Amino acid sequence: MCTPLLLPPRGRASFAVASRFISCLVTEKILHAFYVPLDSPSSEASGLLVVLSPHTISENVKVFRIFRPDDLYAIVPLHHPPVLMDDEPTKHGHLVGLVDPLDMLSPIYEFRNVLEVGNDDEFGGLILDHLKSPPWDLATRGTLRPVTDPVSLWRKFVETVMIPEELHEVIAQEMQSSLDWQTIAYENPPLCPNLNSPAIQWEQSLVAGHPTHPMHRARMLPGNNYSMDYDWYHPRIRFVRVAVDNIEMLGNFKEISQDLVDRAAKLAGVILPRDDQFVYMPVHELQIQNVVSKFQTVEVVSPDISLSALAQSSIRTIVLPDFPGMALKLAVGVKISSSLRTISHFTANFGPRFSADVVPKLAIDPDILSVELETSSAVYKTSDPELAKHFTAVIREEYQVPSGQAVVVCAALLEAGHANIPPGKSAAEHIFGLDTEEKRLQFLDTYTEIACKAFLPALVKNGVAFEAHAQNVLARFDLSTGELRGFVVRDLGGLRIHPPTLRESSGVDFQFLPGHCVATKTLEEIFPKFYHTFVHNHIQRLIRLLGLHYSGRGWEVLRKHMEAAIPRNHPVWDIWMSPISRTVNSKCLMRMRMRDSYRDMVYSPYPNMIQFKPQPDF
């Protein structure tokens with residue numbers, strides 16, 4: 001048994017995928033799990049996460065029965081207790097409400113119904129000693145063995161779970177892709193930048209990416225026809241000539257795209273004829289094949305006429321060195337995590353209009369929050385939205401950093417495992433010298449205070465929930481002092497907005513396309529998206545990385561600043577801030593994937609981490 005940081009790259013990558021998968025299964029209440037404390041002073045583990053098999057899903061596990069080897073799906077050593085449910089412990093242990101990959105130690109175990117020669121795993125023996133009869137019955141000719149392949153955990157799971165059969169192999173391939181690309185990242189970790197580094201260097205410094213998604217590093221083209229040495233951060237931008245009548249454009253997209261192709265042509269030493277009846281659409285090089293196969297009326301420009309680009313952390317949004325101050329979000333027919341990274345016609349229509357008409361009217365303090373505006377877009381005209389999403393582009397104005405300041409994508413601050421800093425140390429701790437708990441607490445206090453002042457007013461006053469996860473948010477720091485000055489938020493496609501509240505508070509009668517998922521029927525529907533992105537996947541990650549979770553000190557800080565930003569008479573107060581609010585709805589990544597859902601959100605009750613308090617010392 002060991003911390004995953006000590007594993008070789010392949011083993012560490014395997015653990016990264018498997019731990020995320022188990023975290024989702026337990027936290028999303030797909031499988032039941034118990035926490036069983038360990039009474040062993042010599043063990044690094046405080047206890048065991050015992051995950052029950054899928055065939056027990058429909059059982060009321062509070063009703064006692066003896067669990068046998070076939071009832072056990074996986075056993076994971078934990079260095080601290082997970083977040084427990086409020087119920088009294090059962091004879092088997094405490095029911096688990098939330099477990100995070102950072103709670104876990106390696107290896108993950110499963111029970112195999114065969115007796116293996118040479119099984120000398122000392123910790124496996126300790127597990128069996130603690131799972132004695134009653135309430136467990138593991139007296140069988142079997143063995144606890146470490147899981148070395150996360151895909152095998154998935155295949156074991158779907159043996160008895162009712163999901164569409166065609167998804168079985170697809171999800172297995174996505175997990176395998178995540179494992180393969182994460183291995184490469186661990187074998188060749190990036191350097192941790194510093195505050196004087198270019199913003200794009202921070203964008204490209206992610207080691208592991210999404211903190212809880214099992215397919216967090218998956219990158220798959222249709223047919224999986226790519227090389228494992230493809231450089232995702234340095235793509236080329238190609239061009240396609242298409243009749244203006246076939247494209248719906250907003251803003252000055254045509255003029256900008258013409259500037260882009262003119263520059264590409266000049267670099268290639270050619271001159272392209274101009275024709276007002278046509279527009280040159282920029283296309284990611286990986287998307288050319290999709291465009292050719294789906295749009296027969298377009299003309300692909302020679303590959304010699306192209307531009308070198310630098311991809312941001314999302315991969316599909318790129319910046320062009322020849323065009324500073326502009327980011328280009330392009331449809332890319334690539335599965336990143338578990339979603340095909342195209343751009344819907346909803347997004348193309350929404351961003352430029354919302355940027356121009358609504359953003360200036362939002363309850364935002366411009367000193368601490370800036371919104372990167374989406375100024376122009378283009379999408380192929382068709383009645384088929386599944387076709388249109390493959391031929392879409394959005395142009396975004398990048399935040400202009402004031403002199404003496406720097407911006408850093410927050411996801412990069414929440415990474416660890418860089419080549420030039422000690423294992424397990426986060427970029428935030430390294431860059432800002434957070435070498436004591438009090439320094440870490442002060443950093444969190446400032447970060448959380450400014451973040452709450454930045455993002456909560458629009459939610460409370462305007463009914464606008466920004467998708468404030470760490471990849472969508474940039475932190476702005478003073479170069480001389482390292483002090484946090486504010487945040488920048490980008491990517492408007494994932495907002496949730498209650499139209500009546502927006503209309504009443506801003507005076508803007510913004511018109512949404514029919515069926516656009518951004519617009520909600522009730523105010524309460526905007527809250528889960530914000531909780532999931534801001535609390536669950538952003539602030540929680542920072543609290544845990546700074547070592548302020550188990551003591552509860554980090555959550556005290558968050559409560560303090562959220563209480564200051566949310567009026568007691570607002571509907572969200574009772575949902576998030578009331579001490580008796582034990583659960584909140586949050587996004588379910590695996591439930592969504594098992595339903596093959598991307599835009600239709602699936603939520604279920606999570607423990608309300610805003611109200612987290614230190615748990616009993618077992």
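Residues numbered from 1 in each chain as written. Predicted model: local features only at pLDDT ≥ 70, side-chain atom pairs only at ≥ 80, totals over all residues. Heavy atoms only, no water.

The name an unreviewed UniProt entry gives the protein is IucC family-domain-containing protein, with Gymnopilus dilepis as the organism.

Looking at this structure, how should I read the UniProt feature "domain: Aerobactin siderophore biosynthesis IucA/IucC-like C-terminal" (unreviewed entry) in the protein?
Mapped onto the present numbering, the UniProt feature "domain: Aerobactin siderophore biosynthesis IucA/IucC-like C-terminal" (unreviewed entry) falls at residues 442-596. For the annotated span residues 442-596, helix accounts for 48% and strand for 14% of the residues, and the straight-line distance between the end C-alpha atoms is 42 Å. (UniProt positions renumbered as here; feature names shortened; annotations may be inferred. Helix = DSSP H or I, 4+ residues; strand = E, 2+ residues; numbered from the N terminus.)

Help me understand the pattern of salt bridges, please; the structure alone is not making it clear to me.
Once the charged atoms of two side chains with opposite charge are near each other, the side chains can pair. Enumeration over the complete set of coordinates arrives at 28 salt bridges. For the salt bridge of Asp 478 with Arg 485, the shortest nitrogen-to-oxygen distance reads 3.4 Å. Overall, Asp 478 belongs to the buried group, its relative accessible area being 14%. Three or more residues joined by partner-sharing salt bridges are found here, namely Asp 100, Asp 103, Arg 541 and Arg 544. (Salt bridge = Lys/Arg side-chain N within 4 Å of Asp/Glu carboxyl O. Buried < 20%, exposed > 50% of the residue type's maximum accessible area, 1.4 Å probe, protein only.)

For this particular structure, what's the right way to read the pairing of strand β2 (residues 47-52)?
Within β2, six of the six residues are buried, leaving the element largely enclosed by the surrounding structure. With six bridges connecting them, β2 and strand β3 (residues 72-78) associate as antiparallel partners. Looking at the pairing, Leu 48 lines up with Pro 77 of β3. (Pairing = 2+ DSSP bridges.)

Honestly, the packing of aromatic side chains in this entry has me stumped. Any pointers?
Both the distance between ring centres and the angle between the ring planes are used here to describe each pair of aromatic rings. On inspection of all chains with the given rule, the structure shows 29 aromatic pairs. Measuring from ring centre to ring centre gives 5.7 Å for Tyr 380 and Phe 391, while their planes differ by 25 degrees; the resulting arrangement is stacked. Linking Tyr 380 in strand β20 (residues 374-380) with Phe 391 in the loop between α9 (385-388) and β21 (392-397), this pair joins segments that are 11 residues apart in sequence. For Tyr 380, a relative accessible area of 12% puts it in the buried group. Its guanidinium or amino end placed over the ring of Tyr 186, Arg 12 lies 4.0 Å from that ring's centre, counting from NZ or CZ. For the cation-ring pair, Lys 91 lies above Phe 64, with the distance from its terminal atom to the ring centre recorded as 4.9 Å. (Phe/Tyr/Trp six-rings, centres within 6.5 Å; stacked < 30°, edge-to-face > 60°. Lys NZ or Arg CZ within 6 Å of the ring centre and 35° of its normal.)

How should the nonpolar core be read in this particular structure?
A general trend in soluble globular proteins is that nonpolar side chains are found buried together. If you look at the biggest cluster of nonpolar residues, it comprises 140 residues, and the most contacted ones within it are Phe 354, Phe 391, Phe 455, Phe 466, Phe 487 and Trp 576. With 46 residues, the next largest nonpolar core counts Ile 30, Met 104, Ile 171 and Leu 589 among its residues. (Core = buried A, V, L, I, M, F, W, Y, C linked by side-chain atoms within 4.5 Å.)

How do you make sense of the domain arrangement of the protein when you look at a structure like this?
Reports often express the size of an interface as the amount of accessible area lost when the parts come together. For the protein, the assigned domains are domain 1 (9-159), domain 2 (236-380) and domain 3 (402-611). Distance between the C-alpha centres of domain 2 and domain 3: 28 Å. On the domain 3 side, the residues contacting the 32 residues of domain 2 number 39 residues. Summing both partners gives a buried area of about 3000 Å² for domain 2 against domain 3, and 61% of it is carried by carbon and sulfur. Looking only at domain 2, the three residues that lose the most surface to domain 3 are Phe 346, Phe 350 and Ile 368, adding up to 21% of its buried area. Linking domain 2 to domain 3 there are one salt bridge. Here Lys 329 and Asp 491 are joined by a salt bridge, their closest N and O atoms 2.9 Å apart. (Domains from an automatic or database assignment. Contact = heavy atoms within 4.5 Å. Buried area = accessible area lost by both parts, 1.4 Å probe.)

Would you explain the sheet that holds strand β25 (residues 484-489) in this entry?
Think of a sheet as strands paired side by side through backbone hydrogen bonds, with each pair either parallel or antiparallel. Across the sheet, which stays open at both edges, the four strands sit in the order β19-β25-β24-β22 with mixed pairing between neighbours. Where the open sheet ends on each side, the last strands, each with one partner, are β19 (369-371) and β22 (405-409). Across the sheet, the axes of successive neighbouring strands diverge by a mean angle of 25 degrees, strand direction being ignored. In this sheet, β25 lies alongside strand β24 (residues 473-478) in antiparallel orientation, the contact comprising five bridges. (Axes fitted to C-alpha atoms, helices over the stretch in contact; angles between N-to-C directions.)

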